[in-house]
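For reference, the chains in residue letters:
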Amino acid sequence: MAGPIQIGIVGIGKIARDQHIPALRADPAFHLTAGASPHAGFEGLEVHHSLDEMLDAHPDLDAVALCTPPQERYALAHAALSRGKHVFLEKPPGSTLSEVEALRQQAKRMDRTLFASWHSRFAPAVEPARQWLAERTIKGVRIDWREDVRQWHPGQEWIWRPGGLGVFDPGINALSIATAILPRPFFLTDAELRFPANRAAPVAADLRFSDETGIEIIAGFDWLRTGPQTWDIRVETDQGRLRLSLGGSVMAIDEAVVSQTHEAEYPGLYRRFAQLIAQGRSDVDVSPMRHVADAFLRGRRVQTAPFED
Ligand code: NAP
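Residues numbered from 1 in each chain as written. Predicted model: local features only at pLDDT ≥ 70, side-chain atom pairs only at ≥ 80, totals over all residues. Heavy atoms only, no water.

### Some thoughts on the pairing of strand E9 (residues 204-211)
Along a regular strand, successive side chains alternate from one face of the sheet to the other.
Now for step 1: Counting buried positions over the eight residues of E9 gives six, a clear majority of the element.
Now for step 2: Of the pairings in the sheet, the one linking strand E8 (residues 186-196) to E9 comprises eight bridges and is antiparallel in character. By the bridge assignment for E9, Asp190 is matched with Arg208.
Now for step 3: In this structure, the hairpin formed by E9 and strand E10 (residues 216-222) is closed by a connection of four residues, where Gly214 is found at a positive phi of approximately 85°. (Buried < 20%, exposed > 50% of the residue type's maximum accessible area, 1.4 Å probe, protein only. Helix = DSSP H or I, 4+ residues; strand = E, 2+ residues; numbered from the N terminus. Pairing = 2+ DSSP bridges.)

As structure tokens, this is what we get:
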């Protein structure tokens, strides 16, 4: 491909404004040509009302980045792949595992790149943590992802609808890190999901996992935490305790910080997307989403007080 990758962005909401557009504008491997969003606009960007309208206006687009809610993802990705575009999927890559598999197969048939991105895996302390753990024996893991939904998702109705995942919308980020840093696959053994009486998605979840060595991995996801917010993973090993905090930004060993930078995640995601396109490959790892699906399959459901924004 000669020159930068011509890319269009679909779904001009919070994450597109805060992360995708700045990352794309700073990356010489891409040229952000246009956007598509039913209602929103963005200063300095030509925004169309729909993906089809954008693709009709810009037949030269090479790629699209889909930043809509997950319930919209399959139809948009299918349409973009059908028109020969490479596709970047925000997390989660879809609203069912089967639709993501259908997209993976379609991308293969069309010889296009499909990138199911997991932004938290690009947090700066994640790779150092993976390397540190690879040389040690793991004894147990504790994940705490506790935040205030009213602060982070004000007025976002889609997160409470079927396919919106509720508290698993942030929780899947923790699972994307855990599946990247732990050396072996793990699987759900028990779960409790707490659903507000007036909502179709959980506001809190307690999960237990194990692996072939029998270790216990405990996760607590909570959307009603006010005060200090927590995005921590602690791993006990035979040679000390690793703590990843602030969603993978800070790594400490036995409470002494060993890695702390403020590197943003999205420039790394787009470097990866450009690399996959150059190599003619896709990257579609559904393991974080499979754990969420397992929790919905196997978890006990408990009804709690109605939630009002
Ligand atoms: P959001 O603020 O609600 O934005 C989503 C946008 O998608 C809306 O502005 C809407 O545009 C647009 N949209 C809906 N249907 C569309 C369609 N058919 N075609 C084109 N655009 C459509 O949501 P968000 O917080 O940015 O989250 C979007 C995705 O990013 C989610 O999967 C989320 O998990 C992920 N994510 C979010 C964050 C975060 O901090 N918020 C962080 C990382 C990842 P209009 O306004 O024009 O109707």
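### Observations regarding the sheet that holds strand E4 (residues 63-66)
Now for step 1: In space, the six strands of this open sheet follow the order E3-E2-E1-E4-E5-E6, with parallel pairing throughout. Edge strands, defined here as strands with exactly one partner in the open sheet, are strand E3 (47-48) and strand E6 (114-116).
Now for step 2: Here strand E5 (residues 86-89) pairs with E6 via three bridges, running parallel. From the neighbouring strand, Leu89 faces E6, where its bridge partner is Ala116.
Now for step 3: Sitting on the sheet, helix H3 (residues 73-82) is in contact with strand E1 (5-10), E4 and E5, with an inclination near 160° to E5.
Now for step 4: On the sheet, helix H8 (residues 266-279) packs against E1, strand E2 (30-36), E4, E5 and E6 and is oriented at approximately 150° with respect to E5. (Contact = heavy atoms within 4.5 Å. Axes fitted to C-alpha atoms, helices over the stretch in contact; angles between N-to-C directions.)

### Focus on the site of the ligand
Now for step 1: The local shell around the ligand holds 25 residues, among which Ile15, Ser37, His39, Ala40 and Asp169 are the closest.
Now for step 2: Within the backbone of His39, one N or O atom sits 2.7 Å away from an oxygen atom of the ligand.
Now for step 3: In the complex, 81% of the free accessible area of the ligand, which totals 900 Å², lies under the protein chains.
Now for step 4: The cavity that encloses the ligand is the largest pocket.
Now for step 5: For the shell around the ligand, the residue count by class is 12 nonpolar, seven polar and six charged. (Near = heavy atom within 4 Å. Polar contact = N/O pair within 3.5 Å; in protein donor to acceptor, adjacent residues only side chain to side chain. Areas by Shrake-Rupley, 256 points an atom, 1.4 Å probe, with all protein chains shown as cover. 1 Å grid on protein atoms, 1.4 Å probe; cavity = no way out; pocket = protein on both sides within 12 Å on 5 of 7 lines; lining within 4 Å. Sits in = over half its atoms within 2 Å of the grid points. Nonpolar A, V, L, I, M, F, W, Y, C, P; charged D, E, K, R; others polar.)

### Topic: empty space enclosed by the protein
Now for step 1: Taken as a whole and assessed by the stated rule, the structure comprises one cavity of 30 Å³ or more.
Now for step 2: Each pocket or cavity is described by its volume, and for the largest cavity that value is around 40 Å³.
Now for step 3: Looking at the largest cavity, the residues that line it are Ile138, Leu182, Pro183, Arg184, Phe186, Asp211, Ile215 and Ile217.
Now for step 4: By residue class, the composition of the lining of the largest cavity is six nonpolar, no polar and two charged. (Points joined across faces, edges and corners; volume = space filled by probe spheres on them.)

### Some remarks on the side chain of Thr113
Now for step 1: Topologically, Thr113 is positioned in the loop between helix H4 (97-110) and E6.
Now for step 2: There is a polar contact of 2.9 Å between the side chain of Thr113 and the backbone oxygen of Arg281.
Now for step 3: With residues up to four places along the chain from it excluded, the contact list for Thr113 reads His86, Val87, Phe273, Leu276, Ile277, Gly280, Arg281 and Ser282.

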